[in-house]
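# Observations on chain architecture
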Amino acid sequence: DVPPRERSGGDEREERAVERSVEAGAVEWSELCALEPMVRGWLGRRCRDQSDVDDVVHDTLLRAARFRGEVTRPERRASWALSIAANVLRDRVRRR
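Small disclaimer: the values here were computed from a predicted structure and weren't measured.

Take the side chain of Thr-60 next. Checked against the element boundaries, Thr-60 lands in helix α4 (residues 50-66). We classify Thr-60 as buried; its relative accessible area is 0%. If near-sequence neighbours (up to four positions away) are discounted, Thr-60 is found in contact with Val-39, Ala-81, Ile-84, Ala-85 and Val-88.

Under the 1.5 Å per step criterion, the end-to-end length of helix α5 (residues 77-95) is 27 Å for 19 residues, consistent within 8% with the ideal 27 Å. Those residues of α5 that sit buried are Arg-77, Trp-80, Ala-81, Ile-84, Ala-85, Ala-86, Val-88, Leu-89 and Arg-92. Its buried side turned inward, α5 meets α2 (29-33), α3 (36-44) and α4.

Two elements in contact, α4 and α5, have axes separated by 9 Å at closest approach and are oriented at 125 degrees. Viewed along their axes, α4 and α5 adopt a mutual orientation that is oblique. When the axes of α4 and α5 are compared, the crossing they make is right-handed. Counting all contacts with α4, which are made through Asp-52, Asp-55, Val-56, Asp-59, Thr-60, Arg-63 and Ala-64, the residues of α5 involved are Trp-80, Ala-81, Ile-84, Ala-85, Asn-87, Val-88, Leu-89, Asp-91 and Arg-92. Class assignment of the residues belonging to the contact of α4 with α5 gives a composition of eight nonpolar, two polar and six charged.

This next bit is on the pattern of salt bridges. According to the stated counting rule, one finds nine salt bridges in the structure shown. Arg-77 is paired through a salt bridge with Glu-31; the nearest N and O atoms lie 3.0 Å apart. Taken together, the residues span a long stretch of sequence, with Arg-77 in helix α5 and Glu-31 in helix α2 at a distance of 46 residues. Asp-91 is paired through a salt bridge with Arg-63; the nearest N and O atoms lie 3.6 Å apart. Separated by 28 residues along the polypeptide, Asp-91 in helix α5 and Arg-63 in helix α4 bring together distant segments of the chain. Under the relative-accessibility criterion, Arg-63 is labelled partly exposed at 30%. What emerges from the salt-bridge pattern is a single network uniting Asp-52, Asp-55, Arg-92 and Arg-96.

Cut-offs used in this document
Residues numbered from 1 in each chain as written. Predicted model: local features only at pLDDT ≥ 70, side-chain atom pairs only at ≥ 80, totals over all residues. Heavy atoms only, no water. Helix = DSSP H or I, 4+ residues; strand = E, 2+ residues; numbered from the N terminus. Buried < 20%, exposed > 50% of the residue type's maximum accessible area, 1.4 Å probe, protein only. Contact = heavy atoms within 4.5 Å. Expected span 1.5 Å × (residues − 1). Axes fitted to C-alpha atoms, helices over the stretch in contact; angles between N-to-C directions. Parallel < 35°, antiparallel > 145°, perpendicular 65-115°, else oblique. Left-handed = near helix turned anticlockwise from the far one by under 90°. Nonpolar A, V, L, I, M, F, W, Y, C, P; charged D, E, K, R; others polar. Salt bridge = Lys/Arg side-chain N within 4 Å of Asp/Glu carboxyl O.

Fair warning: the whole summary comes from geometry, so function is off the table for now.
Next comes the structure, spelled out in structure tokens:
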């Protein structure tokens, strides 16, 4: 299951779509969650605020779940997740 998360301005339809797609296959949510400590550590060195880290990790995992079909080789999953995190962080900085 996708862990519940209260977010202001979040798109509940997107999160429900992610839940359905995770149930459907390829990369399981647990496999994506296993990447969380690595993503969190990488972001922790780049973000000033812990709440920013939490938000970017959450958005990264949601995006990874949504596009998980793009990763066909497990050995590329970590670099793929970090690329997503970098893009999410970059988008967040641009919006500010």
